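Read off the chains here:
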Amino acid sequence: MQRIGKILIVSLLLLLFGFASFASGSATLRAAPQPASPYVLAGPPSVSPALIDLVLTSYHSPAAGKGQALYDDGIEYGIDPVYALAFFFHESTFGTVGIAQTTLSLGNLRCIPDAACIDGFAAFPSWEAGFVAWYRLIRSVYIDSWGLTTVEEIIPRYAPAADHNDVAGYIRAVEAAVDTWRSEQLRLFGPVSGTTSTMNASSTGQQPTPVPTPTAIGPSAGNRATAVPYPADGYALQGRPTVTVDFIASLLTQYQSPLAGDAHLIYQSGEQVGIDPVYALAFFLHDSTFGTVGLARVTHSPGLLHAPVTADCHCRSLSGYRSYQSWEDGIRDWFRYVRNYYLDQQGLGTVGQLVPAYAQSRDPLVVKTFIQMVERQVTLWRQQSKQAEQEQQAQAASPQQ
């Protein structure tokens, strides 16, 4: 009996030890750290003032030339300025569109106690003051108070879905911009002083996210342009309209565009040549903010189309670009030109193939950002148009009170 009792005691101890080891292992598994995000806002600069100014100048930003200020403020608040640049791009295309043109606010901040308030948004006396306000908000509130450190954590609070924001799209856009500009910093200027060439990887040693390169276009033996497919390019211009006439009209009205009365014409012109008009909208936004800025206000051209003129374009040459008597002539010719020249003659059927040939600049950074901007807007507008259409159908189907 004593021997059996000892065996039982030993067995019980082994069982308890095994259970404790299992519990400890389970706890270890549960506590295993998740892979760190490479998009942590707090950190040293990964882009230089020169790169920042290059980007701002490429987009004709009113903040061009202020790259040093944006850079210095990032150092002061311990935030990599590449993120400020990415938010600035997403919120107002570097101050070229929307209320930021008036408020001088990098991040379209809502009204705060120490700033003027315009239509619910904080307004600042200078772009430099707007930079500081954004950095201070991110540092003191999001990082220090709320403990949110990454793009994935900050954006759902910064631009919540409840305010009709495309949170996932916003995150993707910021991360893509960060990857692009960090890559271009290394290619054009080398590592930022005091950083390493692996700055676009996190401090945990993760590899940086691969950055897609623009399509390479060159002559072939048949003297036709050949295009290397743009990675992950699912944006073919040919197709049926994916946005409604009502959505086009509301978008142009929102931007106070002189084309606001031409929504039907834009839609129908796209249908006639087989180009989804959502792409025309994205190019119009990029080239002239729907006709509200730049040479387009004189040429009545939705896009910067080079001369020479042709017999069917109803246009003349002005400073080397096609100029029209009316926006209607300009709209029709843009669709014909893109269809006949780029799609049919050159065989450039997607955004990634067309933009390197269409863009005024041959700078890879500018081209790459142009491609990403067009694709981002197309995705966003398709979602918004579909949502608006569904809401209209639901209202029409609901019983009248």
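As a reminder, the structure under discussion sits directly above these lines.
Quick summary incoming for the structure in this document. On a predicted model such as this, the values are computed, not experimentally measured, just so you know. (Residues numbered from 1 in each chain as written. Predicted model: local features only at pLDDT ≥ 70, side-chain atom pairs only at ≥ 80, totals over all residues. Heavy atoms only, no water.)

1. Re the overall build of the protein chain
Right, on to step 1. Helix and strand counts for the protein chain stand at 15 helices and 6 strands.
Right, on to step 2. Going through the 401 residues of the protein chain one by one, you find that 45% of them count as buried.
Right, on to step 3. Taking contacts inside the protein chain between residues at least 6 apart in sequence as the whole, the part at least 24 apart equals 64%.
Right, on to step 4. Carbon and sulfur atoms provide 57% of the accessible area of the protein chain, an area that totals close to 19700 Å². (Helix = DSSP H or I, 4+ residues; strand = E, 2+ residues; numbered from the N terminus. Buried < 20%, exposed > 50% of the residue type's maximum accessible area, 1.4 Å probe, protein only. Contact = heavy atoms within 4.5 Å. Areas by Shrake-Rupley, 256 points an atom, 1.4 Å probe, with all protein chains shown as cover.)

2. A look at the pattern of salt bridges
Right, on to step 1. As enumerated under the stated definition, the model contains 9 salt bridges in all.
Right, on to step 2. Notably, a salt bridge pairs Arg182 with Asp80, separated by 2.9 Å at the nearest N-O pair. Residue Arg182 is found in helix α8 (residues 167-188), and its partner Asp80 is found in the loop between α3 (67-77) and α4 (81-92); the two are separated by 102 residues along the sequence. By the burial criterion, Arg182 is buried, and Asp80 matches it.
Right, on to step 3. Among the salt bridges present, the one from Asp114 reaches Arg136, with a minimum N-O distance of 3.6 Å. (Salt bridge = Lys/Arg side-chain N within 4 Å of Asp/Glu carboxyl O.)

3. Regarding the side chain of Ser385
Right, on to step 1. Positionally, Ser385 belongs in helix α15 (residues 364-397).
Right, on to step 2. We classify Ser385 as buried; its relative accessible area is 1%.
Right, on to step 3. At 3.2 Å, the side chain of Ser385 forms a polar contact with the backbone nitrogen of Thr244.
Right, on to step 4. Those residues within four positions of Ser385 in sequence are excluded, and the remaining contacts are Thr242, Val243, Thr244 and Phe247. (Polar contact = N/O pair within 3.5 Å; in protein donor to acceptor, adjacent residues only side chain to side chain.)

4. Focus on the packing of aromatic side chains
Right, on to step 1. Under the counting rule described, the total for this entry stands at 27 aromatic pairs.
Right, on to step 2. Ring centres of Phe87 and Tyr158 lie 5.0 Å apart, and the angle between their planes is 80°; on these two criteria the pair is classed as edge-to-face. Remark: Tyr158 occurs in helix α7 (residues 151-158) and Phe87 occurs in helix α4; sequence separation between them is 71 residues.
Right, on to step 3. An aromatic cluster is present here, built from Phe283, Phe284, Trp334, Phe335, Tyr337, Tyr341, Tyr342, Tyr358 and Phe370 joined pairwise through their rings.
Right, on to step 4. Over the ring of Trp146 we find Arg157; its NZ or CZ atom is 3.9 Å from the centre of that ring. (Phe/Tyr/Trp six-rings, centres within 6.5 Å; stacked < 30°, edge-to-face > 60°. Lys NZ or Arg CZ within 6 Å of the ring centre and 35° of its normal.)

5. Observations concerning the nonpolar core
Side chains that are nonpolar tend, in soluble globular proteins, to be buried together.
Right, on to step 1. Core analysis: the largest hydrophobic core is formed by 102 residues, its most contacted members being Trp134, Tyr158, Trp181 and Trp381.
Right, on to step 2. When residues are assigned to domains, this core turns out to be shared by domain 1 (49-189) and domain 2 (245-390), each giving three or more.
Right, on to step 3. Apart from the residues lying within four places of it in its own chain, the contact partners of Trp134 are Leu41, Tyr83, Ala84, Phe87, Leu106, Gly107, Leu109 and Tyr158. (Core = buried A, V, L, I, M, F, W, Y, C linked by side-chain atoms within 4.5 Å. Domains from an automatic or database assignment.)

6. Notes on the packing of helix α11 (residues 277-288) against helix α14 (residues 351-358)
Right, on to step 1. Put simply, α11 and α14 touch, their axes get as near as 13 Å, and they point 35° apart. Seen from above, α11 lies across α14 with right-handed handedness. Facing α11, whose interface residues are Tyr279, Phe283 and Asp287, α14 presents Val351, Leu354, Val355 and Tyr358.
Right, on to step 2. Of the residues that constitute the contact of α11 with α14, the class distribution is 6 nonpolar, no polar and 1 charged. (Axes fitted to C-alpha atoms, helices over the stretch in contact; angles between N-to-C directions. Left-handed = near helix turned anticlockwise from the far one by under 90°. Nonpolar A, V, L, I, M, F, W, Y, C, P; charged D, E, K, R; others polar.)

7. Side note on the environment of Glu375
Right, on to step 1. With respect to the element layout, Glu375 can be found in helix α15.
Right, on to step 2. Through-space distance from the C-alpha of Glu375 to that of Tyr279 is 8.6 Å; in sequence the pair is 96 residues apart.

8. Brief notes about the state of the cysteines
Right, on to step 1. One pass over the full model with this rule turns up 2 disulfides.
Right, on to step 2. A sulfur-sulfur distance of 1.7 Å marks the disulfide that ties Cys111 to Cys117. Since a negative S-S torsion denotes a left-handed disulfide, the Cys111-Cys117 link at about 65° is right-handed.
Right, on to step 3. Taking the relative accessible area as the measure of exposure, Cys111 reaches 31% and is therefore partly exposed.
Right, on to step 4. A relative accessible area of 48% places Cys117 in the partly exposed class.
Right, on to step 5. With its sulfur 1.8 Å from that of its partner, Cys313 forms a disulfide with Cys315. Between Cys313 and Cys315 the disulfide shows an S-S torsion of about -80°. By sign, it is left-handed. (Disulfide = S-S within 2.5 Å.)

9. Some words on unusual backbone geometry
Right, on to step 1. Its identity as a non-glycine residue notwithstanding, Thr93 has a phi of 45°, on the positive side.
Right, on to step 2. Here Thr93 lies in the loop between α4 and α5 (100-103).
Right, on to step 3. The buried category is assigned to Thr93, whose relative accessible area is 14%.
Right, on to step 4. Positive phi outside glycine occurs at Phe94, with the angle close to 60°.
Right, on to step 5. Relative to the helices and strands, Phe94 is located in the loop between α4 and α5.

10. Quick look at helix α10 (residues 263-273)
Right, on to step 1. Residues Ala263, Leu265, Ile266, Ser269, Gly270 and Val273 constitute the buried set of α10.
Right, on to step 2. Positioned one or two residues after α10, Gly274 has a phi angle of 80°, which is positive.

11. Looking at the side chain of Thr299
Right, on to step 1. As for its placement among the helices and strands, Thr299 is situated in helix α12 (residues 296-299).
Right, on to step 2. Judged by relative accessible area, Thr299 falls into the buried class, the value being 1%.
Right, on to step 3. Discounting residues that sit within four places of it in the chain, Thr299 has contacts with Leu318, Arg322, Ser323 and Tyr324.

12. Observations concerning the pairing of strand β5 (residues 315-318)
Right, on to step 1. Relative to strand β6 (residues 321-324), β5 runs antiparallel, the two being bridged by 4 bridges. Note on β6: the bridge partner recorded for Leu318 is Tyr321.
Right, on to step 2. Adjacent in sequence and paired antiparallel, β5 and β6 are bridged by 2 residues, among which Ser319 carries a positive phi angle near 55°. (Pairing = 2+ DSSP bridges.)

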